[in-house]
Amino acid sequence: MVNRHRRQVLAITVASPLTQNIYDRIGAEVISGYFDVVIIDCLEWVRQYDQKPAYTEMQSENIHRVDSESAFREVFRRTSPSFVLDFVGRGKFTRKIQETCREYNALYITHLLTPFPNPISQKTLWRSFLSEPAATLYKVFRYILRQFVEDRPLPPDIALLAGSESSNAWTETAKKKIYTATPGYFELNRIQKSAVGNKIGIPGVPKEGYILFVDDCLAMSFDFVLGAHKPIVEPSEYFPVLKQFFSRLESRYKMPVVVAAHPNGKEFRGYKECFGERTVLFDATAELSLSCHFAMTHYSSAITYPVLLRKPILLLNSRQLRKQPQGIAINYIAGLLQCPQAAIDEDLDSRELARLDASSVIESRYEAYQEKYITNAVPMNNNPFEPLLKYLTSLPVKT
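Conventions we followed
Residues numbered from 1 in each chain as written. Predicted model: local features only at pLDDT ≥ 70, side-chain atom pairs only at ≥ 80, totals over all residues. Heavy atoms only, no water. Helix = DSSP H or I, 4+ residues; strand = E, 2+ residues; numbered from the N terminus. Buried < 20%, exposed > 50% of the residue type's maximum accessible area, 1.4 Å probe, protein only. Contact = heavy atoms within 4.5 Å. Areas by Shrake-Rupley, 256 points an atom, 1.4 Å probe, with all protein chains shown as cover. Expected span 1.5 Å × (residues − 1). Arc of directions from axis to C-beta. Core = buried A, V, L, I, M, F, W, Y, C linked by side-chain atoms within 4.5 Å. Salt bridge = Lys/Arg side-chain N within 4 Å of Asp/Glu carboxyl O. Pairing = 2+ DSSP bridges. Axes fitted to C-alpha atoms, helices over the stretch in contact; angles between N-to-C directions.

Caption draft 1: Layout of the overall build of the protein. From N to C terminus, the protein includes 17 helices and 13 strands. Considering the protein as a whole, with its 399 residues, one finds that 51% of them fall into the buried category. A separation threshold of at least 6 residues defines the contact pool for the protein, and within that pool the share at least 24 residues apart is 73%. Working note: accessible area of the protein is about 19400 Å², and carbon and sulfur atoms make up 50% of it.

Right under this line is the structure:
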């Protein structure tokens, strides 16, 4: 570890609502054991929105909120970071962030810690065109347009990656690539070590014999307010349909649905009540995955847990979702895992559910998904950031 009298500064850039959940996900606490951490909240600079969403905003002396490029540069001037871990994500502001890094002699670190199946990618462009011609053509058009409108990002100094699909044309240009595993991989490992017989007692939850719904916060995502995506369905329409679907499943399987709620749901008053009288828990997806009969979700990245546990998975679609990119993604994931689907706004499909009843997890499919989207390494660490931190602390100290 770096000598504490000469600790360097590592800046973390974010452009999502800086809730406790986001603060935990960016690894600030872990990283602070190695570096002085500065968090640069770029939400008001990077994201375009008419009204800022209501949420419980993290407050700390090391959090700097900026609303312009000049304000961003001023934080750099005052804090002089040696490294910048970018959670803003690749986009039209990436080049500006990178150029500021170069000006202040800071290494730029990109990451893809939670890669997610993308049915339309450069790696599978021809196959994408055959399966989704309209969506593929639109994406190609947007890509070509960006080459003329946006400043192209520079090669990253370092890329922190998890799973073989985290490697893409841009991350391949990184001077240093470091492979780890998704955060969920390490969280599940910790929980399994404390579980008895791969089971863990949770108040209000049956020890076995329940169906797990991994919530996506589909109808109330911050992205809809911040202008990144158009709303798919209104909460007033979505939740009644979802609850009716849950009731049909509960009647068929004679067991309750338990909800692993999305962390963003904490920001909405009465969110738990949206699911009816069912047990709804926050921050317990990994624990709930251990003993569930099967898991279901729309397209949550927390599918990591049931995949690692080799649990049967039911993906949930709908008439409205099928018209959206998310619906295309659901179909793609179902193909990768060879798992059944159900439409929440239609009668139960007995043929699809028969596949689920057989509890037929295809090991080769789950193993391939794990290698592509969870880890393609053999992690020997305790968290996803540790390999990066060990590398950074081996570098010469910035003067």
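Resuming the write-up.
Caption draft 2: Broad picture of helix α10 (residues 235-253). Counted at 1.5 Å a residue, the expected span for α10 with its 19 residues is 27 Å, and the 26 Å between its end C-alpha atoms agrees. Burial in α10 covers these residues: Tyr238, Phe239, Leu242, Phe245, Phe246, Leu249, Glu250 and Tyr253. For α10, the buried positions fall inside an angular range of 140 degrees around the axis, keeping them on one side. Just downstream of α10, lysine 254 is the residue with a positive phi angle, here 55 degrees.

Caption draft 3: How the structure looks around the nonpolar core. Within the largest apolar cluster, 69 residues are counted, with the highest numbers of intra-cluster contacts made by Phe213, Leu288, Met296 and Leu314. For this core, the leading source of residues is α10, giving seven residues. Apart from the residues within four sequence positions on either side, phenylalanine 213 is in contact with Tyr238, Leu242, Phe246, Val257, Val258, Val259, Ala260, Phe275, Met296, Thr297, His298 and Leu316. Listed in part, the 27 residues of the second largest apolar core include Phe35, Phe83, Phe385 and Leu388.

Caption draft 4: Here's a closer look at the pattern of salt bridges. One pass over the structure, following the stated rule, counts 18 salt bridges. A salt bridge links glutamate 74 to arginine 77; the nearest nitrogen and oxygen atoms lie 2.6 Å apart. Of this pair, glutamate 74 and arginine 77 both sit in helix α4 (residues 69-79), three residues apart, which is roughly one turn of the helix. Residue glutamate 74 is classed as partly exposed on the basis of its relative accessible area, which comes to 30%.

Caption draft 5: Structural detail: the side chain of threonine 285. Topologically, threonine 285 is positioned in helix α11 (residues 285-291). Among the residues examined, threonine 285 registers a relative accessible area of 13% and is labelled buried. Apart from the residues within four sequence positions on either side, threonine 285 is in contact with Leu212, Val214, Ala260, Ala302 and Tyr305.

Caption draft 6: Region of the structure containing the side chain of threonine 110. Mapped onto the elements of the fold, threonine 110 is located in strand β5 (residues 107-112). With relative accessibility at 7%, the residue threonine 110 sits in the buried group. Residue contacts for threonine 110: discarding those within four places in its chain leaves Pro156, Ile158, Ala159, Leu160, Trp170 and Thr171.

Caption draft 7: Looking closely at the sheet that holds strand β2 (residues 36-41). Taken in spatial order, the seven strands line up as β3-β2-β1-β4-β5-β6-β7 in an open sheet, and their pairing is parallel. Since the sheet does not close on itself, it has two edges, and those belong to β3 (63-65) and β7 (176-180), each with one partner. Sheet twist, expressed as the average angle between the axes of neighbouring strands with direction ignored, equals 20 degrees. As paired strands, strand β1 (residues 9-14) and β2 are joined by six bridges and run parallel to one another. Considered in β2, the bridge of isoleucine 12 is made with isoleucine 39. The sheet strands contacting helix α5 (residues 94-103) are β4 (83-86) and β5, and the helix crosses β5 at an angle near 145 degrees.

Caption draft 8: Spatial organisation of the pairing of strand β12 (residues 313-317). Among the five residues of β12, five are classified as buried, and the element is accordingly described as predominantly covered. Burial of β12 is two-sided: the residues Ile313, Leu315 and Asn317 facing one way and the residues Leu314 and Leu316 facing the other way are all buried. As paired strands, strand β11 (residues 294-297) and β12 are joined by three bridges and run parallel to one another. Residue pairing in the sheet places methionine 296 in a bridge with leucine 314 of β12. As paired elements, β12 and strand β13 (residues 341-343) share three bridges and run parallel to each other. In the strand pairing of β13, leucine 316 is matched with alanine 342.

Caption draft 9: Representation of the pairing of strand β9 (residues 257-261). Most of β9 is tucked away, with five of its five residues classed as buried. Residues Val257, Val259 and Ala261 point to one face of β9 and Val258 and Ala260 to the other, with burial holding for every one of them. One ladder, built from four bridges, connects strand β8 (residues 211-214) with β9; its direction is parallel. Looking across to β9, one finds that leucine 212 is bridged to valine 258. For β9 and strand β10 (residues 280-282), the ladder comprises three bridges, and the chain directions are parallel. Paired with valine 259 across the two strands is valine 280, which belongs to β10.

Caption draft 10: View of the environment of proline 206. Assignment of secondary structure puts proline 206 in the loop between α8 (183-194) and β8. The sequence separation of proline 206 and serine 291 amounts to 85 residues, and the corresponding C-alpha distance is 8.8 Å.

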